[in-house]
There are 2 protein chains.
Amino acid sequence: MSSSKKITLGLVQMTCVGKPSANLEKAVFRIREAAKKGAQIVSVSELFLSKYFCQVNDKRFFSLAETIPGPATEVFSTLAKALKVVIVGSFFEKEGKDHYNTAVVFDADGSLLGKYRKLHIPDDPEHHYSELFYFKPGNLGLPVFKTRFATIGVSVCWDQWYPENARILAEKGAQIIFYPTAIGWPVAEKGKEVAKTEFDAWITIQRSHAIANGVFVAAVNRTGLEENLDFWGGSFVADPFGKILQQASHDREEIILVDCDLSRIEEVRESWPFLDCRRMKIAEPK
Amino acid sequence: MSSSKKITLGLVQMTCVGKPSANLEKAVFRIREAAKKGAQIVSVSELFLSKYFCQVNDKRFFSLAETIPGPATEVFSTLAKALKVVIVGSFFEKEGKDHYNTAVVFDADGSLLGKYRKLHIPDDPEHHYSELFYFKPGNLGLPVFKTRFATIGVSVCWDQWYPENARILAEKGAQIIFYPTAIGWPVAEKGKEVAKTEFDAWITIQRSHAIANGVFVAAVNRTGLEENLDFWGGSFVADPFGKILQQASHDREEIILVDCDLSRIEEVRESWPFLDCRRMKIAEPK
């Protein structure tokens, strides 16, 4: 039996409005609240600074993009340092003429440990996810971040459907994989059987990454109705054998605080040593 | 909307005894029964010809191995031809001095379409799965089989925990992945919370392969108590979005018959085109 190593995760499930400053203010408030309640690693949901603009193709939304570092990430850096917590953020990044859907990790001293650019970009106008109009596919591979409290990896939204992402992150030493997300039901689907099936598939695929790799997974989704999409919330943390430790509601703003004993990773991997005898190598994209 | 293409799968969940001829006789009887009820592709569970001998390391059990083709596979070939059904079998194979845990697919005309040798071999004496003593890791890669009714792939038991297997099979055109299995609870675990968690993880990982790849999955497990292991049955079929279409009990011999509309594969993949935009190549083992 390995010795206990407990840490607390804080998942900020929130609604987003049109005005970035209002979303930033709320996120800061929620992260402070999470830290006050004991969270050591806090994650927000995907692109929390704005409404989910990818429902339509509109060039005006490119003005939402910032450089990294930039004004919004500076706020997060300062906050991480002040609260002594690790923060996982998700931003619409511009770099020269290129734009990315980027996750950023700040260590508990405020330092920007690095960034990850979403690798798989959905292009599905019918269901209101038109991301290829805005984002280039990520070109930074799959980094892991050695934070003060744990080694973590991040994969953003659509990437959560790919077992490859989780496998590579686990191989590189990630103990927790964060999935900042913006997923919901097209309004026309709500209440129908398909809505339940989709939500269930979303939970299942992420729990499976925990199981296949013996890691914690933390999915942080937005909530609230925005035009054609009803974001389904349901943020959750699963342990290294896929057991859901805690889960948020579909429709409320919530902070969920989840105690994770990192020694559970070793325990599970000893019982079910899937990583040890795997025989297939996955090529990491650049 | 693609046009419907319905086929019926038959999963034979059975107990096994020490005497191979008795198990073979029962399997033949069950496959006939399944075919009579309309099954077009029938699968048995892993190594159904014997008890699960891998609970201990005992050289005497090597005498259970057969060549392929060999006496048992001849029976299956004849049966497939007579019933005009596709059969997925699982055998302890010997080839010269080497031994493998091998799945075999017979087409509806009795022809042996090919074989697959289990790639990942568990070596876990504590939980009573000591397979490395008996089997060499598979050396035939991950073939798919174009049967009369569908293109199928097979992965055996421990392989079911590896997303890589399912991804490669789906990329090669598998519409259904069969998982002949022999998994159960160590007797000491039965009724404990861990038993429920393990069973749930087993379902979840296989449902996730359906979701990630837009394929049907059919898990065929044995049932019954054998020495230290209580095989947990629970054979099931999930559709291409991970929905369980039908599931067997934990503790009874059963044939489950499941209607699958193969056009559902295309429908799901159009809605959730994960395969289309994947960016990571997995190297198939040889």
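Up top is the structure these notes are about.
To keep things clear, this report deals only with the structure shown in the data block. If you're wondering where the values come from, they're calculated on a predicted model, not measured in any experiment. (Residues numbered from 1 in each chain as written. Chains lettered and ligands numbered in written order. Predicted model: local features only at pLDDT ≥ 70, side-chain atom pairs only at ≥ 80, totals over all residues. Heavy atoms only, no water.)

**Description of the overall build of chain A**
A tally of helices and strands in chain A yields five helices and 17 strands. Along the longest, intermediate and shortest principal axes, the C-alpha atoms of chain A span 55 × 45 × 35 Å. Relative to its full complement of 286 residues, chain A shows a buried share of 63%. Across chain A, every contact between residues at least 6 apart in sequence was considered, and the portion connecting residues at least 24 apart equals 70%. Surface exposure of chain A reaches about 10600 Å², of which carbon and sulfur atoms provide 53%. (Helix = DSSP H or I, 4+ residues; strand = E, 2+ residues; numbered from the N terminus. Buried < 20%, exposed > 50% of the residue type's maximum accessible area, 1.4 Å probe, protein only. Contact = heavy atoms within 4.5 Å. Areas by Shrake-Rupley, 256 points an atom, 1.4 Å probe, with all protein chains shown as cover.)

**Overview of the sheet that holds strand S17 (residues 254–261) of chain A**
Residue and element names in this part refer to chain A. Taken in spatial order, the six strands of this open sheet run S5-S4-S3-S2-S1-S17, and their pairing is mixed. If you trace the sheet from one side to the other, it starts and ends with strand S5 (112–117) and S17, each paired once. In this sheet, neighbouring strand axes are inclined to one another by 25° on average, regardless of whether the strands run parallel or antiparallel. In the sheet, strand S1 (residues 6–13) pairs with strand S2 (residues 41–43) via three bridges, with the strands oriented parallel. By the bridge assignment for S2, Gly10 is matched with Val42. Contacting S1, S2, strand S3 (86–95) and S17, helix H1 (residues 20–36) runs over the sheet at an angle of about 40° to S17. In the packing of helix H2 (residues 71–83) onto the sheet, the strands contacted are S3 and strand S4 (98–106), and the crossing angle to S3 comes to about 165°. (Pairing = 2+ DSSP bridges. Axes fitted to C-alpha atoms, helices over the stretch in contact; angles between N-to-C directions.)

**A look at the pattern of salt bridges**
All names here are of chain A. Evaluation of the coordinates by the stated rule reveals 46 salt bridges over all chains. Asp230 serves as the salt-bridge partner of Lys190, at 2.9 Å between the closest nitrogen and oxygen. Separated by 40 residues along the polypeptide, Lys190 in the loop between strand S11 (184–186) and helix H4 (193–213) and Asp230 in strand S14 (residues 229–232) bring together distant segments of the chain. Given the relative accessible area of 49%, Lys190 is considered partly exposed. (Salt bridge = Lys/Arg side-chain N within 4 Å of Asp/Glu carboxyl O.)

**Quick word on the nonpolar core**
Among the nonpolar cores identified, the biggest contains 154 residues, and A:Ile41, A:Trp161, B:Ile41 and B:Trp161 are the most heavily contacted of them. Discounting chain neighbours no more than four positions away, the residues touching A:Ile41 are A:Ile7, A:Thr8, A:Leu9, A:Gly10, A:Val86, A:Val88, A:Thr147, A:Phe149, A:Ala150, A:Ile152, A:Ile176 and A:Phe178. (Core = buried A, V, L, I, M, F, W, Y, C linked by side-chain atoms within 4.5 Å.)

**A closer look at the relation of the copies chain B and chain A**
Taken as rigid bodies, chain B and chain A are interconverted by a rotation of 180° and an axial shift of 0.0 Å, the fit giving an RMSD of 0.0 Å. What we have between these two chains is a two-fold relation. The C-alpha atom lying nearest the rotation axis in chain B is that of B:Ile282; the distance is 2.2 Å. (Least-squares fit on C-alpha atoms with pLDDT ≥ 70 in both.)

**What to know about empty space enclosed by the protein**
Going through the model one piece at a time under the given rule, you end up with five cavities of 30 Å³ or more. Volume-wise, the largest cavity comes out at about 180 Å³. Along the wall of the largest cavity there are 16 residues; nearest its centre are A:Trp272, B:Asp124, B:Tyr129, B:Trp158 and B:Ile183. Here the residues of the lining of the largest cavity sort into eight nonpolar, four polar and four charged. Within this model, the second largest cavity holds a volume of roughly 130 Å³. Split into classes, the residues belonging to the lining of the second largest cavity amount to ten nonpolar, three polar and two charged. (1 Å grid on protein atoms, 1.4 Å probe; cavity = no way out; pocket = protein on both sides within 12 Å on 5 of 7 lines; lining within 4 Å. Points joined across faces, edges and corners; volume = space filled by probe spheres on them. Nonpolar A, V, L, I, M, F, W, Y, C, P; charged D, E, K, R; others polar.)

**A word on the interface of chain B and chain A**
Counting from both sides, the interface comprises 43 residues of chain B and, opposite them, 43 residues of chain A. Where chain B abuts chain A, roughly 3900 Å² becomes buried across the two surfaces, and 67% of that area is made up of carbon and sulfur atoms. Its largest share of buried area at the contact with chain A, chain B owes to B:Trp272, B:Arg279 and B:Met280, together 19% of the area lost on that side. At the surface where chain B touches chain A, the tally comes to six salt bridges. Ionic pairing is found between A:Lys243 and B:Glu193, a salt bridge with its closest N-O pair at 3.9 Å. At the boundary of chain B with chain A, the tally comes to 17 residue pairs in polar contact (both at pLDDT 80 or more). Of all the elements in the fold, those that place two or more residues in the side of chain B that touches chain A are helix H3 (163–171) and helix H4 (193–213) of chain B. Tallied by class, the residues present in the side of chain B that touches chain A amount to 23 nonpolar, eight polar and twelve charged. (Buried area = accessible area lost by both parts, 1.4 Å probe. Polar contact = N/O pair within 3.5 Å; in protein donor to acceptor, adjacent residues only side chain to side chain.)

**Notes on helix H3 (residues 163–171) of chain A**
All names here are of chain A. Summarising burial for H3: eight of the nine residues are buried, a large majority. Restricting attention to buried positions, one finds in H3 the residues Pro163, Glu164, Asn165, Ala166, Arg167, Ile168, Leu169 and Ala170. Positive backbone phi, approximately 105°, marks Gly173, located one or two places after H3.

**Let's talk about the packing of aromatic side chains**
Residue and element names in this part refer to chain B. Under the counting rule described, the total for this entry stands at 62 aromatic pairs over all chains. Between Phe76 and Phe106 the ring centres are 6.0 Å apart and the planes differ by 65°, which places this aromatic pair in the edge-to-face class. Remark: Phe106 occurs in strand S4 (residues 98–106) and Phe76 occurs in helix H2 (residues 71–83); sequence separation between them is 30 residues. With a relative accessible area of 0%, Phe106 lands in the buried category. Each ring, one from Trp185 and one from Trp232, has its centre 5.2 Å from the other, and the planes form 55°; the classification is tilted. With Trp185 in strand S11 (residues 184–186) and Trp232 in strand S14 (residues 229–232), this pair connects stretches of sequence that are 47 residues apart. Neither Trp185 nor Trp232 differs from the other in exposure class; each is buried. (Phe/Tyr/Trp six-rings, centres within 6.5 Å; stacked < 30°, edge-to-face > 60°.)

**Quick notes on the sheet that holds strand S10 (residues 176–181) of chain B**
Residue and element names in this part refer to chain B. Spatial ordering of the open sheet is given by S8-S9-S10-S12-S15-S16, a layout of six strands whose pairing is mixed. On the outer flanks of this sheet lie strand S8 (144–146) and strand S16 (244–247), each paired with one strand and no other. Taking the axes of each pair of neighbouring strands and ignoring which way they run, one obtains an average angle of 20° across the sheet. Bridging between S10 and strand S12 (residues 216–221) involves six bridges; their strand directions are parallel. Its bridge partner being in S12, Ile176 is matched across the sheet by Phe216.

Don't take any of this as a statement about function, it's just geometry.
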